[in-house]
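Listed here are the chains, written in short residue letters.
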Amino acid sequence: MNYLIGAFKPSCHISITFTDAKNRKQVQLKKENGQTVMVPLFQSQENIAGKISIDPIQGKKVEHNGVKVELLGQIEMYFDRGNFYDFTSLVRELDVPGEIYERKTYPFEFSTVEMPYETYNGVNVRLRYVLKVTISRGYAGSIVEYQDFVVRNYSPPPSINNSIKMEVGIEDCLHIEFEYNKSKYHLKDVIIGKIYFLLVRIKIKNMDLEIRRRESTGSGANTHVETETLAKFELMDGAPVRGESIPIRLFLSPYELTPTHRNINNKFSVKYYLNLVLVDEEDRRYFKQQEITIYRLQETS
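Notes on the structure in this doc start here. (Residues numbered from 1 in each chain as written. Predicted model: local features only at pLDDT ≥ 70, side-chain atom pairs only at ≥ 80, totals over all residues. Heavy atoms only, no water.)

All right, on to the pairing of strand β13 (residues 143–151) then. Burial runs high along β13: seven of the nine residues are buried. Summarising the sheet, strand β12 (residues 125–135) and β13 pair through seven bridges and their orientation is antiparallel. Paired with Ile 135 across the bridge in β13 is Ile 143. (Buried < 20%, exposed > 50% of the residue type's maximum accessible area, 1.4 Å probe, protein only. Helix = DSSP H or I, 4+ residues; strand = E, 2+ residues; numbered from the N terminus. Pairing = 2+ DSSP bridges.)

Now the structure itself:
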């Protein structure tokens, strides 16, 4: 779709193609209008190259003040919709001012592009990468075309990955110890752990383990926090007894997780928590929450 700044209909069609489009992996991207499209997948330090074709509508010529392509990494807050914060901005001038009478194709290349953050579509914020082609025109208004692409960055397994050991207690009523095998998990990992009941003097009806995502946007007084429960896993139904232990085995792959994002460009953070919930027979709820780190491991073919 061509976007026109001004009241005139576009006098040409712009197409953007990537050099390795046939061999490059395509992934789904949810657009603003809710539609899902397939776009190319890249990672940081890759070359982004291709061709831009400008095809005038039959019988028309395109007078312009120059043609350029930009590679933009942008963050948009939904409470400030339409205002993009550019953290990556590269430009290639494709043509000097002149006229285009017939289809014209321009090669372009951005070499070893630094794309430090992953594409992210959240509740209150999105981070996107686009190629933006602009045909600059004065009185008639510029013609602009966008092409989205997705960036995912991979991490090696952490060299240190300590287990998590915690206690939940209500004095003289309840004492539980629980442990998880590690504190950092990749997107397809399995959470393995165990819960020990050391003292049980209240009647517990059931116990669940939840995975929660907490998205923080803004800063200071304007910080907005959105918490989603992504998974709820029943660990126990019925009353435990002292000395009992319950195993935990929770697969992460069925859930739509992203890597943990910490203070991305001072705009937003995304953190994950394991939340242990106990409910007694009087429907009182007891919580214990622990942050975990999620990372993206390079997939082996």
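Pairing is antiparallel across the open sheet formed by three strands, whose spatial order is β2-β5-β10. Pairing within the sheet leaves two strands with one partner each, and these edge strands are β2 (12–18) and β10 (104–110). Neighbour to neighbour, the strand axes of the sheet diverge by 20 degrees on average, direction disregarded. Sheet topology places β2 next to strand β5 (residues 48–56); seven bridges connect them, and they run antiparallel. Across the sheet, Ile 14 pairs through a bridge with Ile 54, a residue of β5. (Axes fitted to C-alpha atoms, helices over the stretch in contact; angles between N-to-C directions.)

Read across the open sheet, the four strands follow the order β14-β15-β17-β20; overall the sheet is antiparallel. Both edges of this open sheet fall to β14 (164–170) and β20 (245–251), since each of them pairs with a single strand only. Strand-to-strand twist across the sheet, computed as the mean angle between neighbouring axes with direction ignored, equals 20 degrees.

In this approach a probe as big as a water molecule rolls over the atoms, and the regions it shows empty are the leftover space. The calculated volume of the largest pocket comes to roughly 1100 Å³. For the lining of the largest pocket, the elements supplying multiple residues, two or more each, are β3 (26–30), β11 (120–121) and β13. At three residues, the largest contribution of residues to the lining of the largest pocket is made by β3. Among the domains, domain 1 (12–151) and domain 2 (164–295) are the pair contributing at least three residues each to the lining of the largest pocket. (1 Å grid on protein atoms, 1.4 Å probe; cavity = no way out; pocket = protein on both sides within 12 Å on 5 of 7 lines; lining within 4 Å. Points joined across faces, edges and corners; volume = space filled by probe spheres on them. Domains from an automatic or database assignment.)

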